[in-house]
Amino acid sequence: MTNDKDLAQAKKEAAAKAKAAALARMKPKEEEKAGAEASEELSLEEQKAAAAAKAKAAALARMKAKEEETAGAEASEELSLEEQKAAAAAKAKAAALARKKAKEEEKAGAEASEELSLEERKAAAAAKAKAAALARKKAKEEEKAGAEASEELSLEERKAAAAAKAKAAALARKKTKEEEKAGAEASEELSLEERKAEAVEKAKAAALARKKAKESSSDMEDTEDAAKKKAVAAAKAKAAAAARVKAKEVSTGIEPTPEASPSINQPLLDKYIAIISQNIGRDALEDSYINKLSKDVPTLVAKPSTYLKIAQYLKFNENLRFDYLSELHGTDFETHMEVYVHLYSHKHHHPVALKVKLSRTEPMIPSIVHLWQGANWPECETYDLLGIIFEGHPDLKRIMLGEHWIGHPLRKDYEPYDVEV
């Protein structure tokens, strides 16, 4: 509103100035007209001088009017600029005042709100505290009432429970006694029958044991008698053979052959045999001897069934401790296969040879690789060339001829599959 008012006032003042300027321009013309009329009456010279003076005055008046108009316009422009600035300043001031007022009102509202919320909070807290106090009071009253009721109820219930327990215990005792009585009667009858049956079984078992003992003793006696007879027959045959040789030597005039001196390794062989007989059995070995053709090495011939067990004792017995396997090979004797194992003890510094005889049709014995790793490749070689199978070998395979080779070349009955080969 203030700006509009200022603008109208400025227009009004500008119109007034323009009107004044127009009147000023109009006045010289009227004076010029009046002068012309007067000059007609004056002389020509005077008329000319008067006209020049009038023209000069009119020019000055126009010039002055223009200057005033220009000054008015400039003043009007300056005034409007000032007014605009003043209006803008007034607007800015009014806006600042409005913002300040709004802030003051907002602040006042916030303070009022805070005061109000504080009061409300206090009131709410008071109400909560009051409600909590009432709740606690109510709970206490209910608890007190419940406790009183439960005391009365528990007393009655305890009495009822105690009576029920006593009744159940009496029934259980009665039932137990009845069961014990029935069990005792049954057990007496059962034990009598069982005792009779056990006595019969025992008598039967004893009779069988006696019968078996008699049979085994008679077998042993027969075996011992047979062994004695064989030993006697062998001794007689040996003595007869010696007598025949001696008689032949006497008849032919040949000097008798001196008896061979015992081997220095005989004590070792006796020691091995004693340990094996003591730990495995007297019949664990099939044969034993001193191999004169192989540096008098003590030689043990195991049965296929005792081969692995004897090998284990040779490895782990403290008095034997054969920790090194120097040789393992097989031989085809046409009547049977034979595996030869030569061992040496670094602890006791003594050797031993372990042999085992096998069937030619199914030559098969346990592997001893787990006892001596040195038996790994020799067992594969024996399998490859003779076809002897070592059960439990970690990787038994043909290492010389290949898996596609047919037959085993070291067998006495081997025939090459390809005749040209």
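Our subject in this report is the structure included herewith. (Residues numbered from 1 in each chain as written. Predicted model: local features only at pLDDT ≥ 70, side-chain atom pairs only at ≥ 80, totals over all residues. Heavy atoms only, no water.)

**Thoughts on the overall build of the protein**
Rules: What counts as a helix is a DSSP run of H or I of at least four residues, what counts as a strand is a run of E of at least two, and both are numbered from the N terminus. Here's how the labels work: a residue is buried when its accessible area is under 20% of the maximum for its type, exposed when over 50%, partly exposed in between, all with a 1.4 Å probe on protein chains only. Here a residue-residue contact requires only that any non-hydrogen atoms of the pair lie within 4.5 Å. Note that accessible areas follow from Shrake-Rupley with a 1.4 Å probe, and for residues the cover is restricted to the protein chains shown.
A count of helical and extended segments in the protein gives five helices and seven strands. Counting all 421 residues of the protein, 20% fall into the buried class. The long-range fraction of contacts in the protein, counting pairs at least 24 apart against all pairs at least 6 apart in sequence, stands at 53%. Here the protein displays about 31,200 Å² of accessible surface, and carbon together with sulfur accounts for 58% of that area.

**Structural notes on unusual backbone geometry**
One non-glycine residue, Asp296, lies in positive phi territory at about 55 degrees. Tracing the backbone shows Asp296 in the loop between strand 1 (285-291) and strand 2 (297-302). Owing to a relative accessible area of 18%, Asp296 belongs among the buried residues under this scheme.

**A short note on the sheet that holds strand 5 (residues 350-358)**
Picture the strands of a sheet paired through backbone hydrogen bonds; they go either parallel or antiparallel. Filter applied, for reference: By this definition, two strands are paired if DSSP reports at least two bridges between them. All axes are obtained by fitting lines to C-alpha atoms, using only the stretch in contact for helices, and the reported angles, taken between N-to-C directions, cover 0 to 180 degrees.
Strand order in this open sheet of five strands is 1-2-5-4-3, and the pairing throughout is mixed. In this open sheet, the two edge strands, each paired with only one partner strand, are strand 1 and strand 3 (324-332). Put simply, the sheet's adjacent strands are angled 20 degrees from each other on average, direction ignored. Note: strand 1 against strand 2, six bridges, orientation antiparallel. The residue bridging Asn291 from the neighbouring strand is Val297, located in strand 2. Along the sheet, helix 4 (residues 307-316) contacts strand 1, strand 2, strand 4 (337-345) and strand 5; its crossing angle with strand 5, the most-contacted strand, is approximately 170 degrees.

**Description of the side chain of Arg411**
Here is the rule we go by: Charged-residue counts in this description rest on Lys and Arg as positive and Asp and Glu as negative, His and the chain ends being excluded. In what follows, salt bridge is the name for a side-chain nitrogen of Lys or Arg lying within 4 Å of a carboxyl oxygen of Asp or Glu. Here a polar contact is recorded for every N or O atom pair within 3.5 Å, except that within protein the pair must consist of a potential hydrogen donor and a potential acceptor, and residues adjacent in sequence are included only if both atoms are side-chain atoms.
Turning to its location among the elements, Arg411 is positioned in the segment after strand 7 (389-391). Within the buried core, Arg411 has no salt-bridge partner, and the shortest N-O distance to an opposite charge, that of Asp413, equals 4.8 Å. Engagement of the side chain of Arg411 in a polar contact is seen with the backbone oxygen of Arg360, the distance being 3.5 Å. Those residues within four positions of Arg411 in sequence are excluded, and the remaining contacts are Asp332, Met337, Arg360, Pro363, Leu385, Leu386 and Gly387.

**Quick look at helix 5 (residues 376-386)**
Since there are 3.6 residues in each turn of an α-helix, residues three or four apart along the chain are aligned in direction. Helix 5 sits mainly inside the fold: nine of its 11 residues count as buried. Among all positions in helix 5, only Asn376, Pro378, Glu379, Cys380, Thr382, Tyr383, Asp384, Leu385 and Leu386 are buried. The positive-phi residue at the C-terminal boundary of helix 5 is Gly387, with phi of around 80 degrees.

**Brief notes about the pattern of salt bridges**
Following the criterion strictly, the structure yields eight salt bridges and no others. Across the pair Asp296 and Lys292 runs a salt bridge whose closest N-O atoms are separated by 3.9 Å. Lys292 sits in the partly exposed class, given a relative accessible area of 49%. In this structure, a network of salt bridges that share partners links the residues Glu318, Arg321 and Lys347.

**What about the nonpolar core?**
Which entries qualify depends on this criterion: What makes a nonpolar core is a set of buried Ala, Val, Leu, Ile, Met, Phe, Trp, Tyr and Cys residues whose side-chain atoms join them at distances within 4.5 Å.
If you look at the biggest cluster of nonpolar residues, it comprises 34 residues, and the most contacted ones within it are Leu300, Tyr307, Val339, Val341, Leu354 and Ile368. Taken together, the elements giving at least two residues each to this core come down to helix 3 (266-279), strand 1, strand 2, helix 4, strand 3, strand 4 and strand 5. Not counting chain neighbours up to four residues away, the residues in contact with Val339 comprise Tyr307, Leu328, His329, Gly330, Leu354, Lys355, Val356, Leu358, Ile365, Ile388 and Phe390.

**A closer look at the side chain of Asn376**
Note on placement: Asn376 falls in helix 5. With residues near it in sequence (within four places) discarded, Asn376 still touches Val369 and His393.

**Quick word on a positive patch on the surface**
Using the following cut-off: Distance thresholds for patches are 9 Å for like charges and 5 Å for nonpolar side chains (Val, Leu, Ile, Met, Phe, Trp, Tyr), applied to residues having over 30% relative accessible area and no salt bridge. A charged residue contributes its charge at one atom only: NZ of Lys, CZ of Arg, CG of Asp or CD of Glu.
A surface patch of like charges, here positive, comprises Arg25, Lys29, Arg62 and Lys66. Of all the secondary structure elements, the ones that give two or more residues to the positive patch are helix 1 (2-41) and helix 2 (44-252). Position of Arg62 among the secondary structure elements: in helix 2.

**Re the pairing of strand 5**
Taking burial as the measure, the nine residues of strand 5 include seven buried ones, the bulk of the element. The pairing of strand 2 with strand 5 spans four bridges and is classified as parallel. Residue Thr299 lies in a different strand from strand 5, and its bridge partner there is Ala353. In this sheet, strand 5 lies alongside strand 4 in antiparallel orientation, the contact comprising nine bridges. Its bridge partner lying in strand 5, Val341 is registered against Leu354.

**Considerations on helix 4**
Spelled out, the test is: Here the arc refers to the directions that run from the helix axis out to each C-beta atom.
By the burial criterion, the buried members of helix 4 are Tyr307, Ile310, Ala311, Leu314 and Lys315. The arc that holds every buried residue of helix 4, seen down its axis, measures 140 degrees, which confines them to one face. Residues of helix 4 that are buried make contact with helix 3, strand 1, strand 2, strand 4, strand 5 and strand 6 (364-366).

**What about the environment of Glu334?**
With respect to the helices and strands, Glu334 occurs in the loop between strand 3 and strand 4. Taking the C-alpha atoms as reference points, Glu334 and Arg411, separated by 77 residues in sequence, lie 8.1 Å from one another. The residues contacting Glu334, other than those within four sequence positions of it, are Arg360 and Lys412.

Keep in mind these numbers describe shape, not what the thing actually does.
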